[in-house]
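Structural overview for review
The primary structure of each chain is shown beneath.
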Amino acid sequence: MAKKKRTTKSKKKQAKNTPGFRLSNQQKLVFGSLLIILAVLLCLSFLSYFFTGNADQSTLSEIGSRNVKAENWLSKAGAWLSDLFINRGFGIPSFIFAGLLFLSGIYMLVDIKKSKLWRHWFWGTLIVIWSSLLLGFFGEKISMLGGTIGYEMNSFLQDYIGKIGIALMLIFGLIVYLAVRFKVTAQSFTKLFASAKKEIKEDFILSDEPIITGVDNSLSDEAESIKSAFEIPLENLEPTITNHSTLKKETSEPEVEIETLKPEDQELEMEIETVEEEKSLTDNLSDKLVEDFGLFDPTLELGNYKFPPLDLLKKYDIEGITINQEELEENKNKIVETLNNYNIGISSIKATIGPTVTLYEIVPNAGIRISKIKNLEDDIALSLAALGIRIIAPIPGKGTIGIEVPNKNATIVSMRSVIASQKFQKAEMELPVALGKTISNETFIVDLAKMPHLLMAGATGQGKSVGLNAVLTSLLYKKHPAEVKFVLVDPKKVELTLYNKIERHYLAKLPDSEEAIITDNTKVINTLNSLCIEMDNRYEMLKNAFCRNIKEYNEKFKARKLNPNDGHQFLPYIVLVVDEFADLIMTAGKEVETPIARLAQLARAIGIHLIIATQRPSVNVITGLIKANFPARVAFRVTSKIDSRTILDGSGADQLIGRGDMLFTQGNDITRVQCAFVDTPEVEKITDYIGSQKAYPDAHLLPEYVGEESGTSLDNIISDRDVLFKEAAEVIVTAQQGSASLLQRKLKLGYNRAGRLIDQLEAAGIVGPFEGSKARQVIIPDLMSLEQLFENEKNN
């Protein structure tokens, strides 16, 4: 018996899963267009009947003959159709049939639920019958009003219930229609009468010119407004309302007192005087400058600069998302079947199709543990025979569980489609970055200024360099050269070299550097330290301007409230991009780590933002101190869960499918994004376009940094020596250890000043040259020899 039951169940299941009759998109277009055209033809023939109907009456008997000509705008077919519907049918209400036919065509094209369409046809037909019966009262005088059907129905009913009976029946039909279709209740009519009564009462009161007291103006305005008679009652709304009594209290009209003022009170007037704060001399001067010259425009030097057009970016043929109904049904059935095998029931399932991944949102039955579904990740992947299955249990902000399944045919997310989107074009962000598209096919845009630093990681060949190009391309399409500068570090020497062409537009470099893109590790150290000096200088400028961040400072500078003679200037954002950060750490170590840590901790407020790319941000590559200041992370595909936890502090990156598939987090939720693809030829076209335009005389120059190894003969000029030179020499000779860190500790100096002192000691012959990681050799053996050296310098 048990076997028989099981077979009948399986048969029912198979019958349920068999696909019904469905039209393809092409068939929907054909049938939808046909219905719309038929509706237009029907409407034209009806209209023509009013002008040509009498003339065509004689031709209707000989409609089959080709020799007879009809006056109708659609010839014989129009004459026959209009006579059928207008004369012999329902009269003027027949126009509703043309409207319903047109609506059916629209529904077919747009692919809206058919249940709504059948509802329109049902109610539309009832309205035609009701209207035709009503117009049948005038059928004897004007036959076309209600048509033959309307007149005959009216005449038949008059024989049994009379004209009054028909009128009452029509009123009853109207009440039924309003109650069922528009949810009108008796309370709606009482509200209508109450509001009308109140309006009449207020008209009488206003004629005596009363003043209403004890109530706010906004409440009185609200009380005066008349609500609609057909207002939907609260009990019919979708969202559940916990306390109906409180809502009734809020919507009830407030009680007001009405009192008329005495004539002597009306004559009393009150003068209101506003006191404005007196502006300072600086504010008055800046206001006058803005009035005379306008706001300061930092883009004025390159006023004719044109942003690169969208045509430079490639448009792919397979960009649009195509819905594969068979694939969706197949995946749905396999997911449901797999969960049923483990006695996990589902109450609903919904699919959201993305460029490369489809998200199936399921709602399990009550009492099912989430962990039970989470543990079935591998089983679902096995049944679907697909890589990259990821289960999100639960989806943050929703009461559902998500199962991400890769599409069989992935679509390319081009950089053009992302840049051209309204979301990016209208983005009001300081540094907008278009990363790609989410599972719901929405353009994913983030503000680099709010991150404030970005860490990109993933296995080799999974899209890190393309991600960096996407970030840089976004900023090139949105920001003027005066507003943002890039410091590019490329240890690979081939990834970022294309941006050399825009050196004098967008890049920043050290004063003595030949190339703006840094490939030498020693120059990286100097550049990072130079950025630290720039950071300190900017903080000093913000302090003097009484501003907290770069946005406030630049707004104040544009308003001409800061004097350039005091050292103030417009500050562009600086974006430091480091590709393969692990290579720098392996070769330079602590010398790179210290300035990076300082920038990561302090640089966000003054507009210096870091983007670091590495394969695996382990502790020996990125320390905990640096990593803590990179809340924004982008993880491309990695090979193990351990690597995923290293990047995201959680799993998920090991289940990606590669080729730009990535996870983004900004410290809270994790979002799956398909990274926008920008190819090398596209970047080349953009840089060529920008590079061909008028540029600044040179790249943006960073402050000069003098390292330990760059001592020169100029440092031996006694008058240029530091005031602590003698004390520093005594410390070095006493300790017999020539290092800048020793001077920092003993004399409580900063790194830059200590390094400068070491250079001066080298030039004076007290310490030897730079020897890498080792401390410098101290040439002077003791303090007596040092005193002798100083005496000799005085005599010379």
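Residues numbered from 1 in each chain as written. Predicted model: local features only at pLDDT ≥ 70, side-chain atom pairs only at ≥ 80, totals over all residues. Heavy atoms only, no water.

This part takes up the overall build of the protein chain. Assigned secondary structure in the protein chain consists of 29 helices and 17 strands. In the protein chain, the proportion of contacts linking residues at least 24 apart, taken out of those at least 6 apart, comes to 68%. For the protein chain, the exposed area adds up to about 46200 Å²; of that, 55% sits on carbon and sulfur atoms. (Helix = DSSP H or I, 4+ residues; strand = E, 2+ residues; numbered from the N terminus. Contact = heavy atoms within 4.5 Å. Areas by Shrake-Rupley, 256 points an atom, 1.4 Å probe, with all protein chains shown as cover.)

In this section: the pairing of strand 4 (residues 357–364). A large share of strand 4 lies buried, amounting to 7 of its 8 residues. Where strand 3 (residues 346–353) and strand 4 come together, 7 bridges link them in antiparallel fashion. What sits directly across from S348, in strand 4, is V363. Linkage of strand 3 to strand 4, two consecutive antiparallel strands, is achieved through a turn of 3 residues. Relative to strand 6 (residues 401–406), strand 4 runs antiparallel, the two sharing 6 bridges. Residue pairing in the sheet places E361 in a bridge with G402 of strand 6. (Buried < 20%, exposed > 50% of the residue type's maximum accessible area, 1.4 Å probe, protein only. Pairing = 2+ DSSP bridges.)

With that settled, the discussion passes to the packing of helix 19 (residues 521–545) against helix 22 (residues 590–602). Close contact between helix 19 and helix 22 brings their axes to 9 Å; oriented N to C, the two are set at 30 degrees. Regarding the angle of helix 19 to helix 22, the classification is roughly parallel. For the pair helix 19 and helix 22, the sense of crossing is left-handed. When helix 19 is examined against helix 22, the residues I525, L528, N529, L531, C532, M535, D536 and Y539 are found in contact with a partner set consisting of E591, V592, P595, I596, R598, L599 and L602. Among the residues forming the contact of helix 19 with helix 22, the class breakdown is 11 nonpolar, 1 polar and 3 charged. (Axes fitted to C-alpha atoms, helices over the stretch in contact; angles between N-to-C directions. Parallel < 35°, antiparallel > 145°, perpendicular 65-115°, else oblique. Left-handed = near helix turned anticlockwise from the far one by under 90°. Nonpolar A, V, L, I, M, F, W, Y, C, P; charged D, E, K, R; others polar.)

The next subject is the nonpolar core. Core analysis: the largest hydrophobic core is formed by 102 residues, its most contacted members being F486, L576, F581 and L599. Among the nonpolar cores identified, the runner-up in size contains 23 residues, and L743, L749, L757 and V767 belong to it. (Core = buried A, V, L, I, M, F, W, Y, C linked by side-chain atoms within 4.5 Å.)

The next subject is helix 2 (residues 25–56). Each α-helix winds once per 3.6 residues, and so residues spaced three or four apart point in a common direction. At F50, helix 2 shows its maximal bend, which comes to roughly 70 degrees. In this structure, the buried residues of helix 2 make contact with helix 3 (75–87) and helix 4 (95–110). (Bend = angle between axes of the 7 residues up to and from the residue.)

So, about the sheet that holds strand 5 (residues 390–392). By way of backbone hydrogen bonds, the strands of a sheet pair with one another, either parallel or antiparallel. A sheet is described by the order of its strands in space; here 4 strands give the open sequence 3-4-6-5, paired in antiparallel fashion. Both edges of this open sheet fall to strand 3 and strand 5, since each of them pairs with a single strand only. Within the sheet, the average angular offset between the axes of one strand and its neighbour, ignoring direction, is 20 degrees. Where helix 12 (residues 325–341) meets the sheet, it contacts strand 3, strand 4 and strand 6, and its direction lies at approximately 40 degrees from that of strand 4.

We now examine the packing of aromatic side chains. In this structure the tally under the stated criterion is 16 aromatic pairs. Centre to centre, the rings of F122 and W123 are 5.3 Å apart; their planes meet at 75 degrees, and the pair counts as edge-to-face. The exposure class assigned to W123 is buried, which follows from its relative accessible area of 12%. For the ring pair F156 and Y160, a centre distance of 5.2 Å and an interplane angle of 55 degrees mean the geometry is tilted. With F156 and Y160 both in helix 6 (residues 147–182), this residue pair falls 4 residues apart, about one helical turn. Ring pairs connect the aromatic residues F46, F50, F85, F90, F95 and F97, which therefore count as one cluster. In this arrangement the basic side chain of K478 is found over the ring face of F424, its NZ or CZ atom lying 5.4 Å from the centre. (Phe/Tyr/Trp six-rings, centres within 6.5 Å; stacked < 30°, edge-to-face > 60°. Lys NZ or Arg CZ within 6 Å of the ring centre and 35° of its normal.)

What follows covers the pattern of salt bridges. Tallied over the full model, the rule gives 25 salt bridges. One salt bridge connects E580 with K492, and the closest N-O pair in it is separated by 3.6 Å. Pair noted here: E580 is in the loop between strand 12 (573–578) and helix 21 (581–588) and K492 is in the loop between strand 10 (484–489) and helix 18 (503–506), with a separation of 88 residues, a long-range link. Its relative accessible area of 12% is what places E580 among the buried residues. Classification of K492 as partly exposed rests on a relative accessible area of 34%. Ionic pairing is found between D643 and R616, a salt bridge with its closest N-O pair at 2.3 Å. (Salt bridge = Lys/Arg side-chain N within 4 Å of Asp/Glu carboxyl O.)

The subject of this paragraph is the sheet that holds strand 16 (residues 670–675). Pairing in this open sheet of 9 strands is mixed, and the strands run 8-7-16-15-14-9-13-12-10 from one edge to the other. Of all strands in the sheet, those with a lone pairing partner are strand 8 (443–447) and strand 10, marking the two edges. Ignoring which end each strand starts from, the neighbouring axes of this sheet average 30 degrees apart. One ladder, built from 3 bridges, connects strand 7 (residues 432–438) with strand 16; its direction is antiparallel. Within the sheet, the bridge partner assigned to T438 lies in strand 16 and is V673. Strands in contact with helix 19 are strand 10, strand 12 and strand 13 (608–614); relative to strand 12, the strand with the most contacts, it is inclined by about 155 degrees.

A few words on the pairing of strand 7. Side-chain direction in a regular strand flips from residue to residue, so the side chains alternate between the two faces of the sheet. Of all 7 residues that make up strand 7, 7 are buried, and the element is covered over most of its length. Two successive antiparallel strands, strand 7 and strand 8, enclose a turn made up of 4 residues, where N441 displays a positive phi of approximately 65 degrees.

Below, the discussion takes up the environment of K746. Residue position: K746 is located in helix 27 (residues 740–747). Spatially, the C-alpha atoms of K746 and A728 are 8.8 Å apart, while their sequence positions differ by 18 residues.

So, on to the side chain of S132. Its location among the elements puts S132 in helix 5 (residues 114–135). Looking at S132, the relative accessible area reads 0%, which means it is buried. Not counting chain neighbours up to four residues away, the residues in contact with S132 comprise F90, P93, G146, I149 and G150.

The next subject is unusual backbone geometry. A cis amide bond links M451 with the next residue in sequence, P452, at an omega value of 0 degrees. Note on placement: P452 falls in the loop between strand 8 and strand 9 (454–457). For N343, which is not a glycine, the phi torsion comes out positive at approximately 60 degrees. The phi torsion at Q736 lies on the positive side, around 55 degrees, for a residue other than glycine. Q736 gets classed as partly exposed once you look at its relative accessible area, which sits at 40%.

Quick look at the confidence of the model for the protein chain now. Here the protein chain averages 80 in pLDDT, and 83% of its residues register 70 or above. Counting interchain partners and residues more than four positions distant, the pLDDT-below-50 stretch residues 709–715 has 12 contacts. (pLDDT = per-residue confidence, 0-100.)

On to the side chain of K485, then. Within the secondary structure, K485 sits in strand 10. Notably, K485 is buried but unbridged: the nearest opposite-charge side chain belongs to E301, and the N-O separation is 8.6 Å. Reaching out from K485, the side chain makes a polar contact with the backbone oxygen of P481 at a distance of 2.9 Å. Within the structure, the side chain of K485 is placed 2.8 Å from the backbone oxygen of H505, a separation counted as a polar contact. What K485 contacts, discounting residues up to four positions off in sequence, is H505, Y506, L507, A508, P572, Y573, I574, V575, Y696 and H700. (Lys, Arg positive; Asp, Glu negative; His and termini not counted. Polar contact = N/O pair within 3.5 Å; in protein donor to acceptor, adjacent residues only side chain to side chain.)

What follows covers the environment of A434. In this structure, A434 sits in strand 7. A434 gets classed as buried once you look at its relative accessible area, which sits at 0%. Once residues lying within four places of it in the same chain are set aside, the contact partners of A434 are M415, V418, F424, F444, I445, A470 and S474.

Moving on, we come to helix 12. Here helix 12 is 17 residues long and its end C-alpha atoms lie 24 Å apart, about the 24 Å a rise of 1.5 Å per residue gives. Residues E327, L328, N331, I335, T338 and L339 constitute the buried set of helix 12. One side of helix 12 carries all its buried residues, which in axial view fall inside an arc of 105 degrees. Among the exposed residues of helix 12, those pointing more than 90 degrees away from its buried face are E326 and N341. The backbone nitrogen of E326 has a side-chain oxygen 3.3 Å away, supplied by the residue at the start of helix 12, namely N324. Count one or two residues on from helix 12 and you reach N343, which has phi positive near 60 degrees. (Expected span 1.5 Å × (residues − 1). Arc of directions from axis to C-beta.)

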